[in-house]
Amino acid sequence: MYLVNLIQSYIPSPNKVGVEDFLTQRFHPIRARLLVMSILWRNKELSVLVLYAVVFYAYVIRRSLNLSHDHFHQVRGLVPGWIPNRFNDVSDAQWRNFRWNLPILTFVLGIFTLVANMLRSHYHLKAKGMSLVWLVISWIYLSYLHGVFIVFILSIVSANYLLVKIFGRRKNFLFVLWLFNLTFLLSNRIYSGYSFAVFGNQWAYLDKFQGTFRWYICFNFVVLRMLSFGHDYHWANWNRFDQKKHMQRCDQCSSGETCYLSLQERSVLDDRFSFNIYLCYLAYAPLYIAGPIISFNAFASQLDTPQKNYSLQKIAWYGFRWVMSLLLMELMTHFCHYNAFAVSGLWKNLSPVDVFIIGYGVLNFMWLKFFLIWRYFLFWALVSGIETPENMPKCINNCYNLESFWKNWHASFNKWLVRYMYIPLGGSQRKLLNVWVIFTFVAIWHDLEWKLLSWAWLTCIFFIPEMIVKSAANMLKVESTFGVVIWHELQAVSGAITITCLMSFFRKYISGVPEPSKVHMSWVNLHWSSIL
C-alpha cells in the first residue's frame, strides 16, 4: 500500500502505460507487471465500492426514517424534541443524563478552567502551584459528586501513595502494587463502596450524604491512575527512552511538536512525585468522571509546561467540530429511534433486514455517544493545558477486525494497557498468553460479573486465529494479482466472522440489543480501509 500511494503521488492521473514504465525502471518486468495489474484492479474496485456505499446508505437512511415514523407510538424512551413535530430518543440513560446535565457541566468546567488559567497566567505558576490550584478545585468537585464518601477515596489513595514511596524502588514492587489495587478494585464492587455503619451506629447517619454519584464507579479510573503513578515512579531511575532516536523516527516530534509517546516515556523529576501532584492527578476535574486516561508522566510534565500542540485556534476548531457532532447526534435521535427500538424489544417483530438496520444503527449510536462524551472532557483538558490521547481516533465502521477495534475504541485505555500490562508481561513474544491476562483485567475493571468475563475470554478465543492468520500473512508474501485479491477477500471474511460472533454473544448475554449484521459491513469496510 505504501508503494501504491507512492506511485499515485508521483502520477496524479496514472494510466496503464505510464505506471508500467515507472515501475519497470525500478523492478523486474514481471514484478512491475503484477503491480500494475494490482493498481488497476484497486482503482476499479474503489469505483464499485463508492457506488455501492451511496446506494447502501441511501437505503438504510430511508428505511430508518420510515421505521421511526411508523412505530414511534410503540417504542419507549421518546420525549417531545426541540425539532417541531419530532420526538427525541432519550432511551439510553447514560446519554440522557449527559445531555440533560450538559449546560450545568459546561458552566462548572468553564468556571474551573477560567480560574485555573487566570491564576497560572497572573502568578506564572508551574507544576507545584498548578497542582495546588487544581487540587482545591477538583476536591470541591469531588465533594459535590460523592459527599462525605470522599473519605474512603482519600484513605485508599493515601495508602497507595505510602506504598509507592516506601517500596517503589524495590525489585518486586510491581507485584505488590497490583495486588493492592486489584484488592480494592474487587472489594469496592463486592461491598458496593462500603458503609459508615460498619464503623458503628454513631456513624451511620453519614451514609445519607452520598452526593450525586456513586464514588466506587468513578474509582475504577482512579485505580488506573494509581497504577500509572506507581509504575512511573518505579521506572524513573532506569528509564531507557532514547529521545534522540525517537525524534528521528517521529514525524510529530521532528516537526517541533511533542507526541504523547514522548510525554509518556520521559521520566519526570523526583520532586514531581509529590503528594500534592499525585492527588491532583487522581482527581483532575476535567478527566475525573470519564477520562480519557493519561499516564502520570504525561500529566505531570504538562502541569509544569502546558501543551503547545493545540493552539487557541485549533482548540476552537476542535470545539466547533464537537458541536457539529452533537448536532449530528441530535438529528439521529430525532429522526432515527434506533436505541428506543432496541430497549423496547420492538425489533423482535421486524423483518431480518429491518433488524439489521436497527442493530447497525444502535452500534453507530453507541459509538457517537462515547465519541461525544470523551471528546467533551478532552476539550476542557485542552483548554486547561493538558493534552490526552483521543479515545475514538477512527470511526467504528472502519474497524474490520478485533485488533483494529480495540486500538480505536477507548484508545487511551488501550495505550494504558500496552504500557503497564502488555509490555511488562513480555509484549509480542508472549502475545498469545498476554491477551488472556489483559482481557480478564479489562472485564474485571468494567464490572465484577461472570457474563463480562465470559465475553472477555470469548474475545481471546477469537483473537488467537486472527493472530495466527496475520503471522502467516507476514511469512507468506502473496505475489500474483489473483493471490492478492483472494487474500484481500479472505481478510474481509475472517474479520466479518470474528466481529459477528462477538456481537452476537454480546447481544445474547450482555446487552439484549439486536446484533448488527457485521458480516455485511465488515467486508465492505475492509475494502475501504485497505484502499483508502
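Caption draft 1: Representation of the overall build of the chain in the model. Within the chain, the secondary structure is distributed over 24 helices and 2 strands. Residue pairs at least 24 apart in sequence account for 73% of intrachain contacts in the chain once pairs closer than 6 positions are excluded. Approximately 26,900 Å² of the chain is accessible, and the part contributed by carbon and sulfur atoms is 66%.

Caption draft 2: Spotlight on the pattern of salt bridges. Under the counting rule described, the total for this entry stands at 12 salt bridges. One salt bridge connects E257 with K314, and the closest N-O pair in it is separated by 3.7 Å. Taken together, the residues span a long stretch of sequence, with E257 in the loop between α11 (251-254) and α12 (260-265) and K314 in helix α16 (residues 312-335) at a distance of 57 residues. A cluster of three or more residues bridged by salt bridges with shared partners is formed by D232, E265 and R419.

Caption draft 3: View of unusual backbone geometry. Geometrically, the link from G291 to P292 is a cis peptide bond, its omega value of 5 degrees lying close to zero. In this structure, P292 sits in the loop between α14 (285-288) and α15 (296-304). Within the chain, S192 stands out as a residue other than glycine whose phi angle is a positive 50 degrees. Inspection of the secondary structure puts S192 in the loop between α8 (173-190) and α9 (215-235). In this model, H410 sits at a positive phi of 55 degrees, which is unusual for a non-glycine residue. You can see H410 is positioned in the loop between α19 (402-408) and α20 (411-422). Of the residues examined, H410 reaches a relative accessible area of 8% and is grouped as buried.

Caption draft 4: Inspection of the side chain of T333 at higher detail. Among the structural elements, T333 can be located in helix α16. If we ignore the near neighbours within four places in the chain, the residues touching T333 are F87, N88, D89 and F365.

Caption draft 5: Fine view of the state of the cysteines. What the rule picks out here adds up to 0 disulfides. Lacking any disulfide linkage, C259 is separated from the closest cysteine sulfur, that of C253, by 3.5 Å. Accessibility expressed as a relative area gives 7% for C259, which makes it buried.

Caption draft 6: Highlighting the packing of α8 against α9. Their axes nearest at 10 Å, the elements α8 and α9 cross at an angle of 175 degrees. Relative to α9, the element α8 is oriented roughly antiparallel. From α8, F173, L174, L177, W178, N181, L185, N188 and R189 reach across to α9, where they touch W215, Y216, I217, F219, N220, V223, M226, L227, G230, H231, H234 and W235. Split into classes, the residues belonging to the contact of α8 with α9 amount to 13 nonpolar, 6 polar and 1 charged.

Caption draft 7: Highlighting the nonpolar core. Counting 126 residues, the largest nonpolar core has W134, W416 and F441 as its most contacted members. With near-sequence residues (within four places) excluded, F441 lies in contact with W178, L182, L185, L224, F413, W416, L417 and M421. If you look at the next biggest cluster of nonpolar residues, it comprises 14 residues, including V435, L453, C460 and M467.

Caption draft 8: Spotlight on helix α5 (residues 102-123). Relative to the 32 Å expected for 22 residues at 1.5 Å per residue, α5 spans 31 Å between its end C-alpha atoms, a close match to the ideal helical length. All of the buried residues along α5 are L102, L105, L109, G110, F112, T113, A116 and R120. Buried residues in α5 make contact with α4 (93-100), α6 (127-146), α14, α15, α16 and α18 (352-383). H124 sits one or two positions beyond α5 and adopts a positive phi of about 55 degrees.

Caption draft 9: Structural detail: the environment of N117. Position of N117 relative to the elements: it lies in helix α5. The residues touching N117, leaving out its near neighbours within four places in the chain, are V383 and S384. Separated by 3.0 Å, the side chain of N117 and the backbone oxygen of V383 make a polar contact.

Caption draft 10: Broad picture of a nonpolar patch on the surface. Taken together, the side chains of W82, W317, F320, V323, M324, L327 and L331 present a nonpolar region at the surface, about 690 Å² in accessible area. As for its position among the elements, L327 is in helix α16. Given the relative accessible area of 37%, L327 is considered partly exposed.

Caption draft 11: Quick peek at the packing of helix α13 (residues 275-283) against α15. Following both chains from N to C, one finds α13 and α15 inclined at 110 degrees, their axes separated by 11 Å at the closest point. Here α15 runs roughly perpendicular to α13, going by the angle between their axes. Regarding α13 and α15, the two cross each other, and that crossing is right-handed. Between α13 and α15, the contacting residues are I277, Y278, C280 and Y281 on the first element and F296, F299, A300 and L303 on the second. Residue composition of the contact of α13 with α15, grouped by class: 8 nonpolar, no polar and no charged.

Rules used throughout
Residues numbered from 1 in each chain as written. Predicted model: local features only at pLDDT ≥ 70, side-chain atom pairs only at ≥ 80, totals over all residues. Heavy atoms only, no water. Helix = DSSP H or I, 4+ residues; strand = E, 2+ residues; numbered from the N terminus. Contact = heavy atoms within 4.5 Å. Areas by Shrake-Rupley, 256 points an atom, 1.4 Å probe, with all protein chains shown as cover. Salt bridge = Lys/Arg side-chain N within 4 Å of Asp/Glu carboxyl O. Buried < 20%, exposed > 50% of the residue type's maximum accessible area, 1.4 Å probe, protein only. Disulfide = S-S within 2.5 Å. Axes fitted to C-alpha atoms, helices over the stretch in contact; angles between N-to-C directions. Parallel < 35°, antiparallel > 145°, perpendicular 65-115°, else oblique. Nonpolar A, V, L, I, M, F, W, Y, C, P; charged D, E, K, R; others polar. Core = buried A, V, L, I, M, F, W, Y, C linked by side-chain atoms within 4.5 Å. Expected span 1.5 Å × (residues − 1). Polar contact = N/O pair within 3.5 Å; in protein donor to acceptor, adjacent residues only side chain to side chain. Patch = residues over 30% accessible without salt bridge, like charges linked within 9 Å, V, L, I, M, F, W, Y side chains within 5 Å. Left-handed = near helix turned anticlockwise from the far one by under 90°.

These values are about where atoms sit, not about what they do.
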